[in-house]
Amino acid sequence: MPAAKITIIEDEEDIRQLVRYNLEKEGYLVSSHESGEVGLSSIKSDPPDLVLLDLMLPGIDGMEVCRRLKKDAATRDIPVIILSAKGEEADIVAGLEQGADDYLSKPFSPKILLARIHTILRRVTQPLPGENDVIQVDELLIEPRKFSASISGKMLELTAGDYRLLHFLASHRGWVYTRYQIVDAIRGEGYVVTERAIDVQVAGLRKKLGEYGHYIQTVRGVGYRFKDT
Ligand code: CA
């Protein structure tokens, strides 16, 4: 398999070099840029497999870079990991809703960065479960055709909302979603939930999941994700 190409857009030289060093050590091909403008044109002329994108950039900022990448059919499918400073949760939420795939808060360890990259690149090659595919996580079984879930053969008593929430998160293991994205994804005929109600619903679902409750992880200030393998 040819080495994956990764583009970094980050104006802080120390971080850019540190990331570059660690990625190259892992065998990735790296293209690094300090401004959004230059990074964008590089991505357009030579599309990478993944983009690491700092949010606070001089000139056009990371959010705008993300918006432009996701608007363009040629670059829309390239996964984007946002690099954000501490305390920028609102920006992380906005970035995810703009189509970014994940985020890392600075300072981050090279080990975590590499793990995230690995997870996201794996997603690209492993298709998501189909709408009607059974999802199994250890003893937890989610059966879309029956609209039900069970643990070790014991049926869970889920409301339609619980089921939709569980199925949505479990079919995107490891993906972080904002409350808004969850509301948008699980809204269905006769079933509407608000962003504020999501927290209550998650708490209720966790309780019903018992020992599997911790698989639904809270991403502080951002949203939720289903624990990855
Ligand atoms: Ca910056």
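Residue numbers run consecutively from 1 along every chain, following the written order of its sequence. At least 70 in pLDDT is required for a residue's local features to be given in this predicted model, at least 80 for side-chain atom pairs to be given and counted, and no such filter applies to totals for whole chains, interfaces and linings, which use all residues. Excluded from the side-chain calculation are hydrogens and water; included are all heavy atoms of the structure.

By convention, a stacked pair of Phe, Tyr or Trp rings (six-membered ring in the case of Trp) has centres within 6.5 Å and planes under 30 degrees apart, an edge-to-face pair has planes over 60 apart, and any other such pair is tilted. Overall, the coordinates contain five aromatic pairs when judged by the stated rule. Ring geometry for W175 versus Y177: centroids 6.3 Å apart, planes at 10°, classification stacked. By the ring-pair criterion, three or more aromatic residues cluster together here, those being F168, W175 and Y177. The positively charged end of K227 is found above the aromatic ring belonging to Y215, 4.9 Å away from the centroid. Lysine NZ or arginine CZ positioned within 6 Å of the ring centre and within 35 degrees of the ring normal marks a charge as sitting over the ring.

Strands are runs of DSSP state E lasting at least two residues, helices are runs of H or I lasting at least four, and both sets are numbered from the N terminus onward. Relative to the helices and strands, V183 is located in helix α7 (residues 179-186). Between buried and exposed lies partly exposed: a residue is buried under 20% and exposed over 50% of the maximum accessible area for its type, with that area taken using a 1.4 Å probe on protein chains only. You can call V183 buried: its relative accessible area is 6%. For V183 and I8, which are 175 residues apart along the polypeptide, the C-alpha to C-alpha distance reads 31 Å. Every residue pair with non-hydrogen atoms within 4.5 Å of one another is taken to be in contact. Discounting chain neighbours no more than four positions away, the residues touching V183 are V193, T194, E195 and I198.

Moving on, we get to the nonpolar core. Proteins that are soluble and globular tend to have nonpolar side chains buried together. Definition used in this section: a nonpolar core is a set of buried Ala, Val, Leu, Ile, Met, Phe, Trp, Tyr and Cys residues joined via side-chain atoms within 4.5 Å. One finds L140, I182, L209 and F226 to be the most contacted residues of the largest nonpolar core, which totals 28 residues. Among the secondary structure elements, those contributing two or more residues to this core are β6 (135-137), β7 (140-143), β8 (148-151), α6 (160-170), α7, α8 (195-209) and β12 (223-226). Top element by residues in this core is α6. It accounts for six residues. Sequence-distant contacts of L140, defined by excluding residues within four places in its chain, comprise I135, S150, I151, L156, L209, Y212 and F226. The next biggest cluster of nonpolar side chains, apart from the first, holds 23 residues, and it includes I43, V80, V219 and V222.

Among the five residues of strand β1 (residues 5-9), four are classified as buried, and the element is accordingly described as predominantly covered. In short, DSSP must find at least two bridges between two strands for them to pair. Note: β1 against strand β2 (residues 29-33), five bridges, orientation parallel. Counted as the bridge partner of I9 is H33 from β2. The handedness of a crossover follows from its direction of travel: if, with the strands pointing away from the viewer, the path from the first strand over the helix to the second runs clockwise, the crossover is right-handed. Regarding topology, helix α1 (residues 13-25) serves as the crossover connection from β1 to the parallel β2, and that connection is right-handed. Where β1 and strand β3 (residues 50-54) come together, four bridges link them in parallel fashion. Looking at β3, one finds that I9 is bridged to L53.

Helical periodicity: at 3.6 residues per turn, an α-helix aligns residues three or four positions apart in one direction. Expected span of a helix: the number of residues minus one, times 1.5 Å. In this model α8 runs 21 Å from its N-terminal to its C-terminal C-alpha over 15 residues, within 8% of the 21 Å that 1.5 Å per residue would give. Of the residues making up α8, those classed as buried are I198, Q201, V202, L205 and L209. Considered in projection along α8, the buried side chains sweep an arc of 110° and stay on one side of the axis. α8 presents R196, V200 and K207 as exposed residues on the side facing more than 90 degrees away from its buried surface. In this context, the arc is that of the directions from the helix axis out to the C-beta atoms.

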